[in-house]
Amino acid sequence: MRRWVVWCLVGLLSATSAFAAKKKGRSKAEVDDAPIPFSDQEQQAEEDERRELPERSEATRERPVETQVEEEERLQNLTHTDDPTIGLSAELVLGLMLLDASRGGVDPRFLWGVRGTWEWSRRLLTDELVREMFFVDFQWTITGAKEGTTQVFGVTTNHAFTAAPAIGYPLFGVKTPFVPYVQLGAGVAWQNTSLVVGTQETQIGGTKFLFQYGLGIRGRPVLFGDGQIKVSFRVELTRYRRGYVDDTFLGGSLGVTF
Amino acid sequence: MPAMRALPLVALTLALAGACAPNPQAPVKVMAVTASASNAYGPNLVELKTIESITEVRGKVATFIGGARVVVDPNDPLFALNNGNPTEEQLITILLKDQGGPVRANFITKKDEAGTEVLWPADFHTWNMVSSYFLFENSYLYFQQILDGAPSEELLAAKVLYWASYKDRSGGKDEELVDNAAFFSPIKSFVLVPFNALQKVPLAMNQGVIGHEYGHWVFHKKVYAGAAVPPQLTGWVNPAANILRALDEGFADFHGWGITCMAPGPGCKPNFVADSLSSTTEVSARDLSSPTQCMTETLRNAVKTLDNPNFRAQSLDYRLGTLFAAALYQAGNRTGKVQVVQKALLAAYDDSAAATPGFRQQLSLNLNTQGNFTLGLVGNVIVSHITDMDLRRVLCGELIDRLQLPCTTSTCKDLMPACPDTTISGTSCPVLPPENP
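Conventions we followed
- Residues numbered from 1 in each chain as written.
- Chains lettered and ligands numbered in written order.
- Predicted model: local features only at pLDDT ≥ 70, side-chain atom pairs only at ≥ 80, totals over all residues.
- Heavy atoms only, no water.
- Helix = DSSP H or I, 4+ residues; strand = E, 2+ residues; numbered from the N terminus.
- Rg over C-alpha atoms; globule rule 2.2 N^0.38 Å.
- Buried < 20%, exposed > 50% of the residue type's maximum accessible area, 1.4 Å probe, protein only.
- Contact = heavy atoms within 4.5 Å.
- Areas by Shrake-Rupley, 256 points an atom, 1.4 Å probe, with all protein chains shown as cover.
- Lys, Arg positive; Asp, Glu negative; His and termini not counted.
- Charge placed at Lys NZ, Arg CZ, Asp CG, Glu CD.
- Disulfide = S-S within 2.5 Å.
- Buried area = accessible area lost by both parts, 1.4 Å probe.
- Salt bridge = Lys/Arg side-chain N within 4 Å of Asp/Glu carboxyl O.
- Nonpolar A, V, L, I, M, F, W, Y, C, P; charged D, E, K, R; others polar.
- Patch = residues over 30% accessible without salt bridge, like charges linked within 9 Å, V, L, I, M, F, W, Y side chains within 5 Å.
- Core = buried A, V, L, I, M, F, W, Y, C linked by side-chain atoms within 4.5 Å.
- Pairing = 2+ DSSP bridges.
- 1 Å grid on protein atoms, 1.4 Å probe; cavity = no way out; pocket = protein on both sides within 12 Å on 5 of 7 lines; lining within 4 Å.
- Points joined across faces, edges and corners; volume = space filled by probe spheres on them.
- Axes fitted to C-alpha atoms, helices over the stretch in contact; angles between N-to-C directions.
- Expected span 1.5 Å × (residues − 1).
- Parallel < 35°, antiparallel > 145°, perpendicular 65-115°, else oblique.
- Left-handed = near helix turned anticlockwise from the far one by under 90°.
- Phe/Tyr/Trp six-rings, centres within 6.5 Å; stacked < 30°, edge-to-face > 60°.
- Lys NZ or Arg CZ within 6 Å of the ring centre and 35° of its normal.

Novice: Pulling in residues and values, what's your account of the overall build of chain B?
Specialist: Secondary structure summary: chain B contains 15 helices and 15 strands in total. A compact globule built from 437 residues should have a C-alpha radius of gyration of about 22 Å, and chain B, at 24 Å, falls within 12% of that. Taken along the three principal axes of its C-alpha coordinates, chain B extends 100 × 55 × 40 Å. Burial statistics for chain B: of 437 residues in total, 54% are counted as buried. In chain B, 69% of the contacts between residues at least 6 apart in sequence involve partners at least 24 apart. Total accessible area computed for chain B in this model is approximately 18300 Å², and 54% of it derives from carbon and sulfur atoms. Positive and negative charge centroids in chain B, built from 33 and 40 side chains respectively, lie 3 Å apart.

Novice: How would you explain the state of the cysteines if you had to name every residue and give the values?
Specialist: Residue and element names in this part refer to chain B. Evaluated as defined, the whole model comprises 4 disulfides over all chains. Paired by a disulfide, C294 and C429 hold their sulfur atoms 1.9 Å apart. When the S-S torsion is -80°, as for the bridge of C294 with C429, the disulfide is left-handed. Highlighted residues: C294 in the loop between α8 (280-285) and α9 (297-305) and C429 in the segment after α15 (389-403), separated in sequence by 135 residues. Here C294 matches C429 in class, with each residue buried. Bridging C407 to C412, the disulfide has an S-S length of 1.8 Å. Judged by the sign of its S-S torsion, about -70°, the cystine formed by C407 and C412 is left-handed. Looking at C412, the relative accessible area reads 0%, which means it is buried. With cysteine numbering restricted to those in disulfides and following the sequence, chain B has the pairing 1-2, 3-8, 4-7, 5-6.

Novice: Which residues make up the environment of L237 of chain A, and what are the values?
Specialist: Residue and element names in this part refer to chain A. If you trace the backbone, L237 turns up in strand β7 (residues 230-242). For L237, a relative accessible area of 37% gives the class partly exposed. Distance in space between the C-alpha atoms of L237 and L215 is 5.6 Å, their sequence separation being 22 residues. Other than its neighbours up to four places away in sequence, L237 contacts Y213, G214, L215, T248, F249 and L250.

Novice: Quick one: what's the story with the interface of chain B and chain A, residue by residue and with numbers?
Specialist: Frequently, the measure chosen for interface size is the accessible area that the parts lose on association. Contacts between chain B and chain A engage 39 residues on the former and 30 residues on the latter. Summed over both sides, the interface of chain B with chain A buries roughly 2700 Å², with 60% coming from carbon and sulfur. Taken together, the connections running from chain B to chain A amount to 1 salt bridge. Across the salt bridge formed by R104 of chain B and D100 of chain A, the nearest N and O atoms sit 2.3 Å from each other. Mapped by element, the contributors of at least two residues to the side of chain B that touches chain A are α1 (2-19), β2 (41-48), β9 (107-111), β10 (117-121) and α4 (124-146) of chain B. When grouped by side-chain class, the residues that make up the side of chain B that touches chain A number 25 nonpolar, 9 polar and 5 charged.

Novice: Which residues make up a nonpolar patch on the surface, and what are the values?
Specialist: A grouping of I86, L88, W118, L124, L125, F138 and F258 of chain A is seen on the molecular surface, where their side chains present a nonpolar patch of about 630 Å² in accessible area. Within the secondary structure layout, F138 of chain A lies in strand β3 (residues 134-148).

Novice: Requested: an account of the nonpolar core, with residues and values cited.
Specialist: F64, Y214, F251, L320, F359 and F373 of chain B are the most contacted members of the largest nonpolar core, which has 107 residues in total. The residues touching F373 of chain B, leaving out its near neighbours within four places in the chain, are W236, A240, I243, L244, L247, L363 and V378 of chain B. Counting 17 residues, the second-largest nonpolar core is a separate cluster that includes V152 of chain A together with V33, I108 and W120 of chain B.

Novice: Describe the pairing of strand β5 (residues 62-66) of chain B, listing the residues and the values that go with them.
Specialist: Residues and elements named next belong to chain B. Of all 5 residues making up β5, 4 are buried, and the element is well covered by its neighbours. As paired strands, β5 and strand β8 (residues 101-102) are joined by 2 bridges and run antiparallel to one another. Across the sheet, residue G66 finds its bridge partner in β8, namely G101.

Novice: Explain empty space enclosed by the protein to me, using residue names and the numbers behind them.
Specialist: In the structure shown here, the tally under the stated rule is 4 cavities of 30 Å³ or more. Considered as a void within the structure, the largest cavity measures approximately 200 Å³ in volume. Lining the largest cavity are 18 residues, with L99, D100, S102 and D107 of chain A together with D123 of chain B positioned closest to its centre. If you list the elements that add at least two residues to the lining of the largest cavity, you get β1 (88-100), β3 and β4 (152-168) of chain A. No other element matches the 3 residues that β3 of chain A contributes to the lining of the largest cavity. Its residues assigned to classes, the lining of the largest cavity shows 4 nonpolar, 7 polar and 7 charged. Put simply, the second largest cavity is a space of about 140 Å³. In this structure, the second largest cavity is lined by 19 residues; those nearest its centre are A35, L135, Q207, P264 and P266 of chain B. Sorting the residues of the lining of the second largest cavity by element identifies β1 (28-35), α4 and α5 (207-222) of chain B as the ones contributing at least two each. Taken together, the residues of the lining of the second largest cavity sort by class into 9 nonpolar, 8 polar and 2 charged.

Novice: Describe in detail the sheet that holds strand β6 (residues 200-219) of chain A, supporting the description with residues and values.
Specialist: Strand order in this closed barrel of 8 strands is β1-β2-β3-β4-β5-β6-β7-β8 (chain A), and the pairing throughout is antiparallel. Between one strand axis and the next, the sheet turns through 25° on average, direction left out of account.

Novice: Outline helix α7 (residues 240-262) of chain B, supporting the account with residue identities and numerical values.
Specialist: Given 3.6 residues per turn, any residue in an α-helix points the same way as the ones three and four places further on. With 23 residues, α7 of chain B ought to run about 33 Å at 1.5 Å a step, and its terminal C-alpha atoms sit 33 Å apart, in line with that. Counted residue by residue, α7 of chain B has 20 buried out of 23 residues, so it is predominantly covered.

Novice: Tell me about the packing of α4 of chain B against α5 of chain B, residues and numbers included.
Specialist: Residues and elements named next belong to chain B. Relative orientation of the contacting elements α4 and α5 amounts to 55°, with a least axis distance of 9 Å. Taken together, the axes of α4 and α5 lie oblique to each other. The way α4 lies across α5 gives a crossing that is right-handed. Across from S132, L135, F136, N138, S139, Y140 and F143 in α4, the residues of α5 making contact are Q207, I210, G211, Y214, G215 and V218.

Novice: So what about the packing of aromatic side chains? Which residues, and what values?
Specialist: Under the criterion given, the structure shown has 30 aromatic pairs over all chains. When the centroid spacing of 5.4 Å and the interplanar angle of 80° are considered together, the rings of F219 of chain B and Y349 of chain B count as edge-to-face. Remark: Y349 of chain B occurs in helix α12 (residues 338-349) and F219 of chain B occurs in helix α5; sequence separation between them is 130 residues. A residue is classified by how much of its surface remains accessible, and F219 of chain B, at 0% relative accessible area, is buried. Seen from the ring of F153 of chain A, K146 of chain A lies directly overhead, with NZ or CZ sitting 4.6 Å from the centre. Here the guanidinium or amino end of R218 of chain A rests over the ring plane of F135 of chain A, the centre of that ring lying 4.9 Å away.

What follows is the structure in structure tokens.
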């Protein structure tokens, strides 16, 4: 008895759709196999079919409100197909560092270093303009000097490690690869001096807080035809507050962007 | 979380702390390049007692100024100011084309074994300036000591134009002065210029050299009364002008040596220029302790006949000056009364007593009678300020001998009335034949 109830329930479940279909009308297969009725049978069949039609048709289906996800997918920005680079650059930095000289004035010295740049807005933002605006530099540079007489002299090396976010504005349009920017950052300066007096050498080293600010123009013209790799270059004027002195860098960098 | 919220403030505080210049109160412990007891130069811990700003190397004794530019050009149209007689302030403006500005000494702070902070210069010029300030300080302390309680405030607040550009166009050429340290009275400042050929101990690190230049500062203050251009230097001619210039150099050498005796380090160095100069001829010529520092016929003739520019161009002011310095050195050391000689010499710079007029008074008295300013008069001024008769006797003997004074008597009272009756000439020097009348 219990088994019969279960099977009945199962049958009811599967039959629910059959019942619903039957309420809407016969299937095409049933119509094709049906005997061809006589005229009075046709009228009766028609009456039977009208009786089998649902009492009320379903309302016209209205277009649902677009969800946010659907809207986002519809408005998917394809600018990355125009610029397939992922926004990572590696550059060689070169230029003239005007060190704040302890004797007064400035001490011009050659500076070189390496810089890594991440154009994070290119990866994280979709707005065609805004994604061109932001990047962050991670940089190491070195400059040095040897001063004194043959008997008494000092060899000084200045290392600078900085991280500096920047904001640029594509003044010449988002399609041109040149962007002027301003930048603010911070880091650490490590200074090492070797004092030599005769044959005696004394090493002194220490760190100082470094504050960086500057401006420049950054360029990313295409290197190869498909744009996967671009030349990355920069011309800049950057100031460094090294402890309680100010250094000025005039120079630039050259590298590649992936 | 409170700790996380405080993190940016902590970072900002640390950043600002690191960005501030060290500004410890005197006495400041700092490393400097000085000579040890064995005369080996090297980094040693010193205390700067009069420093006020260690990063600007500014203190009671001296202020270091960087980036200054001096141009001596006789054709400068600005000399026409004040009807061709510029005031001292105008003169400074004419000559000092760029007054420069504060230096910015670079230090790394470390703790010594006792946990006290010690400043270590972080580049060569900071080592040079800090070491030099220490030497200026020692020089002031020397003069303060031998002034023996007399006021010394006028010797403070010296200006030192460090690594200055000094161009001399007076010879018709544009010559940049290098390898030198000088006191330039028209701008009332010391000038430490870049080195080029000199490659031994920098002049700024040489105690005797800095002491010598400080000696000029003291002579300028006490003998010339602080005048930028003393009238005697422009109005007198040979031999008075040559003798006056030589006095300044000789006394500066004597005091420079005296400062090496008093300052920490190896002790007395009569040949202090040897640490910095390479020329053995020049070094030998400036050695106060050499018993052969004597007048020669050539020098005696040059004092009388060479005009002052040429006299100085041949460094004969140093030659003659060294004779004075050697006489003072020998007299002081032979009697063991060096400090008495030092005090007497300084007292002789400015003495308004009618019986014992000092050099300042003699210059004023003889402004228009420069012929009276002779080697004998100079010797007498010094001797008359020595109260110890034995020392006076020895000094008189040294002056007679080394300067080959043309005394008519054995005591030389005709030229130096202050010499005692027991005076006899020294015997270190060959006797020169009498001068042609």
